[in-house]
Amino acid sequence: MKKYVFVAMLIACVMSFVCLSAAQKAQTVGAPKGAMSDKTQAGSMGPGTVVEVPSSDVSYDPTAAQIAAHEQVLAAKSKHLAPPLGPHTTAADVARPGGPPTDVSVQQASPEYAGNTFTVFKKSLINSVCSGCAQSSVNEPSVANSGKTVVETSNWNIAYSANGGATWLNQDPYTLSPGYCCDTEVVYDPDRDVFILLLLDYAGEGVSTNGLTISIAHGLTPTSWCTYKFTGASFGEGSTDTLDFPKIALSNSNLFLTWNDYPPNAGFSSSGLARFPLDAMANCAGFGFSYLTRNTEFTFGLAQQPSSHDQFYWVSNWFLDGTVDGQNERIFWWPDNSGSYNWVTRAINAYNFSPVACGSPNWCSRLDARYESPVIIPAEYRAQANSAFAGDDILEIAMQAGPSGFDANNYVVFNYFKLHSLNYIGNDQLWNGSQTFAYAGCAVNERGYVGCSISEGANAPGGFILLQDNVNPTQPWGYNYLVGGIKGASAWGDYNFTNPWHPGGGPFETVLWNVSSLGKVQPYYVVWGRGTDTYDFNRWKSK
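Novice: So what's going on with the nonpolar core? Residues and values would help.
Specialist: In terms of nonpolar packing, the biggest core is built from 34 residues, with Ile196, Ile214, Phe235 and Phe276 touching the most fellow members. Excluding residues within four positions of it along the chain, isoleucine 214 makes contact with Ile196, Leu197, Leu198, Cys226, Thr227, Tyr228, Phe230, Leu255, Leu257, Phe276 and Met281. Of all hydrophobic cores here, the second largest spans 28 residues; its members include Tyr313, Ala369, Ile376 and Val413.

See below:
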């Protein structure tokens with residue numbers, strides 16, 4: 001496959017932006033060097049529809065006919081392939097490690113005092129009493145909380161807890177959307193005390209119910225959901241298109257939604273991003289919104305950031321305009337009060353853009369480089385060891401890397417940029433010589449520290465949690481191989497999510513999972529942090 005022989009030509013293309021349309025060539029004034037801008041488009045949405053969803057002590061259990069129909073839908077959806085790779089790096093291009101390997105057999109250094117200890121506050125098996133839980137090994141889990149109220153979602157269930165995860169009740173996602181397929185996510189907005197739930201609707205190519213459902217529930221009543229249904233037509237695309245691989249994230253005032261557009265029986269068309277007003281959605285009202293679509297990048301990664309930010313950032317590493325994949329990053333930003341967005345393309349240290357198979361069966365069969373997990377952080381923790389940050393805020397991006405000259409397995413690269421200039425600083429690698437790390441999903445808490453959840457393993461993948469903070473500002477970071485692999489799976493992913501645990505300000509939460517010896521998915525609700533977070537966790541876990 002073509003790669004570095006084209007580098008000189010392609011970098012020239014990127015620097016001169018001759019690959020971009022005339023409408024995208026507006027230089028931004030007073031912005032980072034090389035920044036470009038373009039205008040967004042406008043849409044509108046009517047008031048939401050309130051749906052009261054019944055609860056059960058067992059999860060949704062599909063009938064044989066529903067299972068058969070669902071398998072047909074997933075088979076059709078699997079045809080939504082990534083676009084062909086253009087010029088990209090390979091293992092031969094990468095030889096330098098960015099730190100020591102993360103090895104479960106090596107004990108972390110003892111902290112200065114017991115309060116600094118890496119602490120797992122909660123690990124509970126969700127739906128442990130359910131022998132027929134409807135869950136897929138392509139689990140795509142997510143979890144958020146408001147004190148003792150916790151909402152978890154994955155393929156194909158919604159579970160919630162009114163006692164901090166001690167016990168769980170379940171909801172049928174098909175009650176919210178009869179066309180529901182997969183690709184779930186939930187976030188919590190503490191400013192408005194609402195959970196926001198995302199579901200992908202897909203019932204086959206060209207089906208009228210295809211689209212996305214976004215549902216809002218208040219913190220103490222996660223059974224009464226205000227639902228909004230979006231189709232491709234909402235964003236100037238085909239009304240029956242598949243809005244695949246959707247994700248959501250928050251800024252001060254807005255909810256952001258991204259997707260990859262696939263017209264019926266066709267390949268990838270464009271990546272989209274929409275901005276919705278949170279105040280209107282929290283009140284189940286109608287609203288106007290803004291959106292953009294681009295065909296020069298495949299997949300956007302949405303930044304997780306503290307609520308103090310009123311400018312939203314997102315990134316892409318998969319280019320369709322000739323830019324070399326694996327040695328460049330495109331960074332976008334959109335002020336909350338603006339109808340235009342901006343972007344720059346920055347060169348980074350090369351990493352292998354082509355993940356390889358792992359294990360037998362190959363649980364990495366769905367793994368590619370598209371999923372990135374950016375966070376915006378103050379430079380406090382890592383500046384203790386790297387003066388290059390110079391006190392600026394930092395954009396940190398976790399991204400998937402294939403094998404390299406120092407590791408034959410897939411691993412995770414963390415790239416760092418100064419936020420205001422978007423100048424590149426460098427990178428770290430999270431790697432291990434005997435197993436794969438994949439699907440890193442990271443979040444930032446109110447203190448500016450970073451927590452990540454990661455799938456890991458050789459033949460039998462499990463779950464791994466990571467903490468980057470002032471106690472471990474550089475590698476080896478705080479970590480725990482928390483959920484071991486039991487049985488391999490030929491399909492795994494397609495992402496993990498981490499969220500800050502509210503309202504404590506310190507802990508993080510995620511859902512890790514493995515597959516039992518009976519072939520059943522076992523999802524675990526996990527909350528972790530430092531020993532110094534114990535007071536906050538104990539204070540709020542039952543309120």
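Novice: How would you summarise unusual backbone geometry if you had to cite specific residues and measurements?
Specialist: The omega torsion of the bond from asparagine 155 to tryptophan 156 falls at 10°, within 30 degrees of zero and hence cis. A cis amide bond, omega 0°, links glutamine 475 with the succeeding residue proline 476. Here proline 476 shows up in the loop between β28 (462-468) and β29 (478-483). The residue asparagine 265 is not glycine, and still its phi comes out positive at about 55°. Residue position: asparagine 265 is located in the loop between β15 (254-262) and β16 (270-277). By relative accessible area, which is 70% here, asparagine 265 ends up exposed. Look at cysteine 284: it is not a glycine, yet its phi comes out positive at around 60°. Position of cysteine 284 relative to the elements: it lies in the loop between α4 (278-282) and β17 (287-294). Exposure remark for cysteine 284: the relative accessible area of 18% places this residue in the buried category.

Novice: Please set out the sheet that holds strand β14 (residues 242-250) residue by residue, giving values where relevant.
Specialist: Pairing between the strands of a sheet comes from backbone hydrogen bonds, and it takes one of two forms, parallel or antiparallel. On the basis of which strands lie adjacent, the open sheet formed by five strands has the order β3-β17-β16-β15-β14 and antiparallel pairing. At either end of the open sheet lies a strand with only one pairing partner, and these are β3 (41-45) and β14. When the angles between neighbouring strand axes are averaged without regard to direction, this sheet yields 25°. Here eight bridges tie β15 to β16, and the two strands are oriented antiparallel to one another. If you follow tryptophan 259 over to β16, its bridge partner there is glycine 272.

Novice: How would you sum up the pattern of salt bridges? Please name residues and give values.
Specialist: Applying the stated criterion across every chain, the model contains 13 salt bridges. Lysine 229 serves as the salt-bridge partner of aspartate 201, at 3.4 Å between the closest nitrogen and oxygen. Of this pair, aspartate 201 sits in strand β11 (residues 194-201) while lysine 229 sits in strand β13 (residues 224-230), and the two are 28 residues apart along the sequence.

Novice: Can you explain the confidence of the model for the chain? Please cite residues and give values.
Specialist: Averaged over every residue, the pLDDT of the chain is 87; residues scoring 70 or more account for 89%. Counting contacts from residues 1-24, a segment whose pLDDT is below 50, to residues more than four positions away or on other chains yields 42 contacts.

Novice: So what's going on with empty space enclosed by the protein? Which residues, and what values?
Specialist: Which parts of space are left empty comes out when a probe the size of a water molecule is rolled across the atoms. Evaluated as defined, the whole model comprises two cavities of 30 Å³ or more. As a volume, the largest cavity reaches approximately 130 Å³. Forming the boundary of the largest cavity are 16 residues, of which Leu302, Gln304, Tyr371, Glu372 and Phe497 lie nearest the centre. Looking at the lining of the largest cavity, the elements that each hand over two or more residues are β14, β18 (301-302) and β22 (372-377).

Novice: I'd like a description of the environment of asparagine 295, backed by residues and values.
Specialist: Structurally, the position occupied by asparagine 295 is in the loop between β17 and β18. Take asparagine 295: its relative accessible area is 52%, and that puts it in the exposed class. Here the alpha-carbon distance between asparagine 295 and serine 271, two residues 24 residues apart in the chain, equals 6.3 Å.

Novice: Describe the sheet that holds β22, with residues and values.
Specialist: The four strands lie next to each other as β22-β23-β24-β25, forming an open sheet whose pairing is antiparallel. Of all strands in the sheet, those bounded by a partner on one side alone are β22 and β25 (424-430). Taking the axes of each pair of neighbouring strands and ignoring which way they run, one obtains an average angle of 20° across the sheet. Pairing between strand β23 (residues 394-401) and strand β24 (residues 411-418): eight bridges, direction antiparallel. Each bridged residue has a counterpart across the sheet, and for isoleucine 397 the counterpart in β24 is asparagine 415.

Novice: Tell me about the state of the cysteines, residues and numbers included.
Specialist: One pass over the full model with this rule turns up four disulfides. With a sulfur-sulfur separation of 2.1 Å, cysteine 226 is cross-linked through a disulfide to cysteine 284. Handedness of the cysteine 226-cysteine 284 disulfide follows from its S-S torsion of about 90°: it is right-handed. On the criterion of sequence distance, the pair formed by cysteine 226 in strand β13 and cysteine 284 in the loop between α4 and β17 is long-range, its members being 58 residues apart. Taking the relative accessible area as the measure of exposure, cysteine 226 reaches 6% and is therefore buried. Between cysteine 358 and cysteine 364 runs a disulfide, and the two sulfur atoms are separated by 1.8 Å. Torsion about the S-S bond of the cysteine 358 and cysteine 364 cystine: about 90°, corresponding to right-handed handedness. Just as cysteine 358 is buried, cysteine 364 falls in that class too.

Novice: An account of the pairing of strand β10 (residues 180-189) is requested, with residue identities and associated values reported.
Specialist: For β10, the tally of buried residues reaches ten of ten residues, placing the bulk of the element in the interior. Sheet topology places β10 next to β11; seven bridges connect them, and they run antiparallel. Residue pairing across strands places valine 186 opposite leucine 197, the latter belonging to β11. If you look at the hairpin formed by β10 and β11, you'll find four residues sitting between the two strands, and aspartate 193 has a positive phi there, around 55°.

Cut-offs applied
Residues numbered from 1 in each chain as written. Predicted model: local features only at pLDDT ≥ 70, side-chain atom pairs only at ≥ 80, totals over all residues. Heavy atoms only, no water. Core = buried A, V, L, I, M, F, W, Y, C linked by side-chain atoms within 4.5 Å. Buried < 20%, exposed > 50% of the residue type's maximum accessible area, 1.4 Å probe, protein only. Contact = heavy atoms within 4.5 Å. Helix = DSSP H or I, 4+ residues; strand = E, 2+ residues; numbered from the N terminus. Pairing = 2+ DSSP bridges. Axes fitted to C-alpha atoms, helices over the stretch in contact; angles between N-to-C directions. Salt bridge = Lys/Arg side-chain N within 4 Å of Asp/Glu carboxyl O. pLDDT = per-residue confidence, 0-100. 1 Å grid on protein atoms, 1.4 Å probe; cavity = no way out; pocket = protein on both sides within 12 Å on 5 of 7 lines; lining within 4 Å. Points joined across faces, edges and corners; volume = space filled by probe spheres on them. Disulfide = S-S within 2.5 Å.

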